[in-house]
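Fold and geometry: a report
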Amino acid sequence: MPRIALPQIAERLQVHYGKQKPPKLDGPWEMILWENVAYLADDERRWKAFQVLKKKVGTKPEQILSAPQGSLLEVTRHGILPEQFAEKLLKCAKIALEDFDGNLRSLLRCPLPKAKRALQKFPGIGEPGAEKILLFSGTYTVLALESNGLRVLRRLGFGEEKKSYSTTYHIVLPLSAGNFRVASHWNVKF
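So, about the nonpolar core. The biggest cluster of nonpolar side chains holds 43 residues, and the ones touching the most others in it are W29, I32, I64, L104, L119 and F122. Elements represented by at least two residues in this core include exactly α2 (27–36), α3 (43–57), α5 (69–76), α6 (82–100), α7 (112–119) and α8 (127–136). The greatest single-element share of this core, amounting to 8 residues, is contributed by α6. With residues near it in sequence (within four places) discarded, L119 still touches I32, L104, L107, I125, A130, I133 and L134.

Structure, rendered in structure tokens:
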């Protein structure tokens, strides 16, 4: 089967699904919260969970740490495993305060490896998630490929499957990166 260039695939997807509306998030901290408010929820349910967090609890780490368990569960019930994700929100808030004094924007000035390592301290943020935060913050031009995107690129013929996700990720990334026009489609304020 002949390989179709990734820009053509992206154009076909946009024609079929239309222009996607990204969430409006305020910096890397809200992006971390976005990843942790609702597990296995579609964008609409995740947006609702995020709005409940903003209105009932607040998004500052101190507000999350002082929130009643019931309020956090009201947020995380938009996805599955609400108790575990309520705990993840608490852990995120604790890390933000203890390691970064509640301000993650300073990470955006760090060298790429250091910034990625720092972001990966947070629950739900692996290497692809850290790269996504850095990409959509306008800090670094990286592919930021999450697991579903990796599977798609594999099916399109980029790289080869390895036993380790990380190994597969590092094989596919360089093979596919030159095929993308990187543009931030998230609406993140900085």
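After presenting the structure, the write-up continues.
Let us look at the packing of aromatic side chains. Counted by the stated rule, this structure contains 6 aromatic pairs. Ring geometry for W34 versus F50: centroids 5.9 Å apart, planes at 65°, classification edge-to-face. With W34 in helix α2 and F50 in helix α3, this residue pair connects regions lying 16 residues apart in the sequence. An identical accessibility class is assigned to W34 and F50; each is buried. Ring geometry for W47 against F50: centres 6.2 Å apart, planes inclined by 25°, an arrangement best described as stacked. Taken together, the residues span about one helical turn, with W47 and F50 both in helix α3 at a distance of 3 residues.

Taking 1.5 Å of rise per residue, the 12 residues of helix α1 (residues 6–17) would be expected to cover 16 Å, and the 16 Å separating its terminal C-alpha atoms lies within 8% of that figure. Positive phi shows up at G18, right after α1, with a value of about 80°.

Another aspect to go through is α2. Summarising burial for α2: 9 of the 10 residues are buried, a large majority. For α2, the complete set of buried residues consists of G27, P28, W29, E30, M31, I32, L33, W34 and N36.

Topologically, T59 is positioned in the loop between α3 and α4 (61–66). Beyond its immediate stretch of four places on either side in the chain, T59 contacts W29, E30, L33, F50, L53, K54 and I64.

This brings us to the pattern of salt bridges. Enumeration over the complete set of coordinates arrives at 8 salt bridges. The partner of R105 in a salt bridge is D26, with the nearest N and O atoms 2.8 Å apart. Taken as a pair, R105 in the loop between α6 and α7 and D26 in the loop between β1 (24–25) and α2 lie far apart in primary sequence, 79 residues in all. The partner of K56 in a salt bridge is E74, with the nearest N and O atoms 3.0 Å apart. Of this pair, K56 sits in helix α3 while E74 is found in helix α5, placing the two residues 18 residues apart along the sequence. Via salt bridges that share partners, K116, E127 and E131 belong to a single interconnected network.

Cut-offs used in this document
- Residues numbered from 1 in each chain as written.
- Predicted model: local features only at pLDDT ≥ 70, side-chain atom pairs only at ≥ 80, totals over all residues.
- Heavy atoms only, no water.
- Core = buried A, V, L, I, M, F, W, Y, C linked by side-chain atoms within 4.5 Å.
- Buried < 20%, exposed > 50% of the residue type's maximum accessible area, 1.4 Å probe, protein only.
- Helix = DSSP H or I, 4+ residues; strand = E, 2+ residues; numbered from the N terminus.
- Contact = heavy atoms within 4.5 Å.
- Phe/Tyr/Trp six-rings, centres within 6.5 Å; stacked < 30°, edge-to-face > 60°.
- Expected span 1.5 Å × (residues − 1).
- Salt bridge = Lys/Arg side-chain N within 4 Å of Asp/Glu carboxyl O.

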